[in-house]
Amino acid sequence: MSTPRYSRVFWVALPVGAAIIGFGAVGLLQNSSLTAAADVARWLVGADIAHDFVLAPIAALIGAAVARLLPRWCQAPVQAGLIASGVLLIVVFPALRGYGRDTVPDNLTVDPLDYTTSTLTALAVVWAVATAWLVTRMIRRRGARAAGYF
Amino acid sequence: MAESTTPSVFTSTLRDERTAALLGVALGVSFTVCFVTGVLSHLIQDPPSWFLWPSRPAGLYRVTQGVHVATGLAAIPLLLAKLWVVYPKLFAWPPFTSVAHLVERLAIIPLVGGAVFELFTGLADTHLWYPWPFNFRTAHYWVAWITIGALVVHIGAKWTITRAALFSARSSTETPPPTARTSAFDRRTFLATVFATAGAVTVFTVGQTVAPLRKLALLAPRRPDVGPQGFPVNRTAAGAGVVNTARSPDYRLTVDGNVRRRLTLTREELRTLPQNEATLPISCVEGWSTTQRWRGVRVRDLLERVGAASDAEVRVHSLQPRRSYRTSDLNRWQAHDPDTLLALEVNGQTLDIDHGFPLRLIGPNRPGVQQTKWVTRLDVR
């Protein structure tokens, strides 16, 4: 093979990275109880599983539905709008569900907004941009069609 | 060498090496920024003997911790996009084709798990939400090392392929094979969407620390102008269990330890001492910050009064009966900085009890958890 798949960089990075992982694992064990360290390990692998087998399939299903149901010319703006909306909902969901307020009910400065309204406002901005993009595409498409390209 | 292949159900043309490489570089930069600022914050809070954190510039910690939280939030869309692009590789068959390939893939478990873990626990912590059975700070800190270690292995494994994807002329003009179904999204549009989303996350949250943008902070857990006397609180007097002791007429400040004369002062006596003003931020580790005008007694003046050494350090004790952060330390630079105050007032008003009435520590370039409230004792060392 002309270019080896694993260069010398890999064989240098591997022991260095492994040592850093080891430092983290030992530090975790030394600074917490064995049960707490096991809980962290469970959450770490759980984070893998939650992404790979819950979040990603849901995103794939939504993406496939958009690809199947919508005409091709409007798919990109709609998918972009869905990506941005999904991420913003992830960022705000602890506030939206009131988890912070439940932890410290005496502290009114944690999650102080009406997050239903503020989230809808942020999503309205996202979809206004997506709609503007969609309309631009529609106008260009009409123009192209009138000019006889289709 | 046998190649492993991914299932043919994944048809999107976005799943190419150049997209993965570009997102990988962006993630590598953001995780490095988060790691460096995070380790720094950890060192400041738990300083080893070789680490002496300066008291200047006054707003430095506000910047490093603001950057830590803002970068972590902006990394959420980058990480999800990257995982989306490489998702078919999860189902590659055969699962590995060499020992090196097996090692590379095993390192993906702490890499992906650690990255999702760090962003999720960090996000939840900014809302003071702890849905797990372990200590946040311990876990977030040590898993950061595990994640960065796995990232080093991953960068090593992807070094050649990433360089080829980013710099070779062939890949930039690469056209998809004629059998592939072209996506409605081309690479440029997809990447523009991902980076625009990261920008939107920043715009809608960064106002928790950048005051002029506070009205845009629609998705942030804090508003720097909302709270008693116009700014937020992390732990209330009720939550700390100090409502009665802080308001008691028996309240005293004691200055003792390694001193020539021990000093005990009532609140009225503190008011008669020379007062100084300082405009300083409270910079919370959770990523919000707010600048206020404080007025009170210089710690330096009190140290002089009790005859402490010129390089004395101070442990500041709160009235808080229990829980973490009931004390904080001032190193020799912080203790002698002219802006390190025991504040009695903020913006011309007596401190609200939730901001530490009767007396709170406020010093330049310190994390919010170290700006101890309801101060009752300075232990000079």
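Residues numbered from 1 in each chain as written. Chains lettered and ligands numbered in written order. Predicted model: local features only at pLDDT ≥ 70, side-chain atom pairs only at ≥ 80, totals over all residues. Heavy atoms only, no water.

Caption draft 1: How the structure looks around the pattern of salt bridges. All names here are of chain B. Here the structure, examined in full by the defined rule, presents 18 salt bridges over all chains. With a shortest N-O distance of 3.0 Å, Arg-377 and Asp-256 are connected by a salt bridge. Pair noted here: Arg-377 is in strand E10 (residues 375–380) and Asp-256 is in strand E1 (residues 253–257), with a separation of 121 residues, a long-range link. Classification of Arg-377 as partly exposed rests on a relative accessible area of 28%. Note that Asp-379 is salt-bridged to Arg-381, the shortest N-O span being 3.4 Å. On the basis of relative accessible area, Asp-379 is assigned to the buried category, the value being 12%. The exposure class of Arg-381 is partly exposed, given its relative accessible area of 44%. Each of Asp-256, Arg-262, Arg-377, Asp-379 and Arg-381 takes part in one network of salt bridges that share partners. (Salt bridge = Lys/Arg side-chain N within 4 Å of Asp/Glu carboxyl O. Helix = DSSP H or I, 4+ residues; strand = E, 2+ residues; numbered from the N terminus. Buried < 20%, exposed > 50% of the residue type's maximum accessible area, 1.4 Å probe, protein only.)

Caption draft 2: View of the confidence of the model for chain A. Looking at chain A, the pLDDT average stands at 93 and 96% of residues meet or exceed 70. When pLDDT is averaged over each element of chain A, helix H1 (residues 8–31) of chain A comes out on top at 97 and helix H4 (residues 99–103) of chain A at the bottom at 90. (pLDDT = per-residue confidence, 0-100.)

Caption draft 3: Quick peek at the sheet that holds strand E6 (residues 327–330) of chain B. All names here are of chain B. Taking strand neighbours across the sheet as the criterion, the five strands line up as E2-E1-E10-E5-E6 in an open arrangement whose pairing is mixed. This sheet does not close on itself; its edge strands, each paired only once, are strand E2 (263–265) and E6. Ignoring which end each strand starts from, the neighbouring axes of this sheet average 15 degrees apart. The pairing of E1 with E10 spans four bridges and is parallel. The residue of E10 that forms the bridge with Asp-256 is Asp-379. (Pairing = 2+ DSSP bridges. Axes fitted to C-alpha atoms, helices over the stretch in contact; angles between N-to-C directions.)

Caption draft 4: Spotlight on the environment of Arg-381 of chain B. Residue and element names in this part refer to chain B. In this fold, Arg-381 is placed in the segment after E10. Excluding residues within four positions of it along the chain, Arg-381 makes contact with Asn-258, Ala-312, Glu-313 and Arg-315. A polar contact of 3.4 Å, which involves the side chain of Arg-381, links it to the side chain of Asp-379. (Contact = heavy atoms within 4.5 Å. Polar contact = N/O pair within 3.5 Å; in protein donor to acceptor, adjacent residues only side chain to side chain.)

Caption draft 5: Molecular detail of the pairing of strand E3 (residues 276–283) of chain B. All names here are of chain B. By the criterion of burial, E3 is predominantly enclosed, with six of the eight residues buried. Summarising the sheet, E3 and strand E4 (residues 289–298) pair through eight bridges and their orientation is antiparallel. When the bridges of E4 are listed, Thr-279 appears paired with Arg-293.

Caption draft 6: How the structure looks around the packing of helix H3 (residues 75–96) of chain A against helix H2 (residues 60–86) of chain B. Interhelical geometry of H3 of chain A versus H2 of chain B gives an angle of 135 degrees and a closest axis separation of 10 Å. Taken together, the axes of H3 of chain A and H2 of chain B are oblique relative to one another. As for the relative orientation of H3 of chain A and H2 of chain B, their crossing is right-handed in sense. Counting all contacts with H3 of chain A, which are made through Val-87, Ile-90 and Val-91 of chain A, the residues of H2 of chain B involved are Leu-73, Ile-76, Pro-77 and Leu-80 of chain B. (Parallel < 35°, antiparallel > 145°, perpendicular 65-115°, else oblique. Left-handed = near helix turned anticlockwise from the far one by under 90°.)

Caption draft 7: Region of the structure containing the interface of chain A and chain B. The interface of chain A with chain B comprises 70 residues on the first partner and 77 residues on the second. Summing the contributions of chain A and of chain B, the shared interface buries around 6,100 Å²; its carbon and sulfur component is 76%. Between the two partners, chain A and chain B, sit 15 residue pairs in polar contact (both at pLDDT 80 or more). For the side of chain A that touches chain B, the elements supplying multiple residues, two or more each, are H1, helix H2 (34–69), H3, H4 and helix H5 (115–146) of chain A. (Buried area = accessible area lost by both parts, 1.4 Å probe.)

Caption draft 8: Summary view of the packing of helix H3 (residues 99–126) of chain B against helix H4 (residues 136–167) of chain B. Running from N to C, H3 of chain B and H4 of chain B point in directions that differ by 140 degrees, and their axes come no closer than 8 Å. In this structure, the crossing between H3 of chain B and H4 of chain B has a hand that is left-handed.

Caption draft 9: Quick peek at the nonpolar core. Membership of the largest hydrophobic core comes to 74 residues, with the highest contact counts inside it found for Leu-88 of chain A together with Phe-190 and Leu-219 of chain B. With 11 residues, H2 of chain B is the single largest residue contributor to this core. The contacts of Phe-190 of chain B, once residues within four sequence positions are left out, are Ile-83 of chain A together with Leu-14, Thr-19, Leu-23, Ala-81, Trp-84, Val-85 and Phe-185 of chain B. Ranked by size, the runner-up nonpolar core spans 46 residues in total, among them Ala-237, Leu-263, Leu-270 and Leu-342 of chain B. (Core = buried A, V, L, I, M, F, W, Y, C linked by side-chain atoms within 4.5 Å.)

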